[in-house]
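Spelled out from the first residue to the last, the chains are:
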Amino acid sequence: MMKFAITAMVFTVLQWSYGQSDPFLSLPRQSPAASVTQRIGLTDITINYSSPRINDRKVWGAIVPYNNGKPFPWRAGANENTTITFTDDVSVEGNKLAAGTYGIHMIPTEGDWTVMFSKTNSAWGSFGYKEAEDALRITVSPEETKTFYEWLTYEFADKGQDFAVASLLWANKRIPFKVEVDVHTAVMKKVEAQLKDLRQVQWQPWYYAANYCLTNNVALEQGLDWINTSIGKKENFTNLKTKAGFLAKMGKNEESAQLMKTAINHPSADSQTLYVYGRSLLSENQIGKAMEVYRLSAKRYPNVWLAEHGLARAYSAEGNYKKALALEKKALAKAPEIRHEVIKKYIGHLEKGQDFNKY
């Protein structure tokens, strides 16, 4: 019995000395826990790891030996498995990898490195690593860094709309691997799931889903179906205009133009809505269409300063500064005081024969 007690005590001390958690207390570790997350579209990539310090030691070829993965590979951190989690399917260095959490292991060499993504993600380090449990193996090329990293760190430095480059940094090396996401496929999958809950009773979610398709020019038929559902929930200028956009992209220009007439004449098209729409037309140099919208607004809302201000913008873009000046002075008389200063600046430009849309 005494021998058993002594053996158990020694084993416990050894556990603590190697940095494992005290089963009774939460105490600081020499290699503290850390994590980093990067979102690509709606996909989150999270790396959880423990961060060892160099502390005047040699890292490459010493603390981290160069080997062939025998007797076991490097845990790419300290303590428990370094893990990486993908909330959606991704591609890593061009290789498909399903959504999930994986243990990261590496085989360092003086040349290229092997990075393994193991289906086992809850092990202690790499001691129980088995190649048969790999979900993916890739080969990467380490890079020398100008910055010296005392603490092992992971980061996402290089990124775009559909990718991010994850990097392990320690001492003077960077070990990068590129993660890519089919953003539109991931978004559409999540949107379809979200539209099955209580949000489906409102017009807005269907509109936002459709507008995503229109803006990104993807799944136009699906987007048209969604905007029709939105209109069915509550017809308004916003979803009518969006449907007109789908029709135009599908080459149905006459139907699109007719629907836009319905939209701008809809009761929901207030002076603010018409003003913003007119500005978008001016930005596309569609001065004639903008003039039509602003004339309608001025007729419908004769006592609203924004209607005359919008019409002044259209005349200014057309080069009729005299007419624009007269309208902008009328707008000044009706506008709230907080808008007076900027309107006076516009009047100043018109008096100089300048298009105030450019200022």
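Up top is the structure these notes are about.
Residues numbered from 1 in each chain as written. Predicted model: local features only at pLDDT ≥ 70, side-chain atom pairs only at ≥ 80, totals over all residues. Heavy atoms only, no water.

Novice: Quick question: what am I supposed to make of the overall build of the chain here?
Specialist: A count of helices and strands for the chain gives 11 helices and 10 strands. Across its three principal axes, the chain shows a C-alpha extent of roughly 100 × 45 × 40 Å. Per-residue burial over the chain gives 43% buried out of 359 residues. Sequence separation of at least 24 residues holds for 55% of the intrachain contacts in the chain that already meet a minimum separation of 6. Summed over all atoms, the accessible surface of the chain reaches about 20,100 Å², with 52% contributed by carbon and sulfur. In the chain, 44 positive and 37 negative side-chain charges are present, and the distance between their average locations comes to 6 Å. (Helix = DSSP H or I, 4+ residues; strand = E, 2+ residues; numbered from the N terminus. Buried < 20%, exposed > 50% of the residue type's maximum accessible area, 1.4 Å probe, protein only. Contact = heavy atoms within 4.5 Å. Areas by Shrake-Rupley, 256 points an atom, 1.4 Å probe, with all protein chains shown as cover. Lys, Arg positive; Asp, Glu negative; His and termini not counted. Charge placed at Lys NZ, Arg CZ, Asp CG, Glu CD.)

Novice: Can you help me understand the sheet that holds strand β2 (residues 43-50) in this one?
Specialist: Strands pair in a sheet through their backbones, by hydrogen bonds, and they do so in one of two ways: parallel or antiparallel. Pairing in this open sheet of 6 strands is antiparallel, and the strands run β1-β2-β3-β6-β7-β8 from one edge to the other. Only two strands of the sheet have a single neighbouring strand rather than two, namely β1 (33-40) and β8 (134-140). Taken over all neighbouring pairs, the strand axes of this sheet differ in orientation by 20° on average, direction set aside. Note: strand β7 (residues 113-118) against β8, 6 bridges, orientation antiparallel. Along β8, the bridge assignment pairs Thr114 with Thr139. (Pairing = 2+ DSSP bridges. Axes fitted to C-alpha atoms, helices over the stretch in contact; angles between N-to-C directions.)

Novice: Explain helix α4 (residues 220-233) here, please?
Specialist: Three or four residues apart is the spacing at which side chains of an α-helix point the same way, because the helix has 3.6 residues per turn. Between its terminal C-alpha atoms α4 stretches 20 Å, which fits the 20 Å expected from 14 residues at 1.5 Å a residue. When we look at burial in α4, the residues that qualify are Leu220, Gly223, Leu224, Trp226, Ile227, Ser230 and Ile231. For α4, the arc enclosing every buried residue in end-on projection is 165°, short of the 170-degree limit, so these residues lie on one face. In α4, those exposed residues whose orientation departs by more than 90 degrees from the buried face are Glu221 and Gly232. The inward-facing, buried residues of α4 abut α2 (183-194), α3 (203-216) and α5 (237-249). (Expected span 1.5 Å × (residues − 1). Arc of directions from axis to C-beta.)

Novice: Got a minute to help me understand unusual backbone geometry in this structure?
Specialist: Across the chain, the bulk of peptide bonds are trans and the bulk of non-glycine residues have phi less than zero. Even without a glycine there, the phi angle at Asp56 is positive, about 65°. For Asn79, which is not a glycine, the phi torsion comes out positive at approximately 60°. Its place among the elements puts Asn79 in the loop between β2 and β3 (82-86). Overall, Asn79 belongs to the buried group, its relative accessible area being 6%.

Novice: Help me understand the environment of Tyr154 in this model?
Specialist: Secondary-structure assignment places Tyr154 in strand β9 (residues 143-159). Among the residues examined, Tyr154 registers a relative accessible area of 3% and is labelled buried. The sequence separation of Tyr154 and Asn81 amounts to 73 residues, and the corresponding C-alpha distance is 14 Å. A distance of 2.7 Å separates a polar atom in the side chain of Tyr154 from the backbone oxygen of Ala76. (Polar contact = N/O pair within 3.5 Å; in protein donor to acceptor, adjacent residues only side chain to side chain.)

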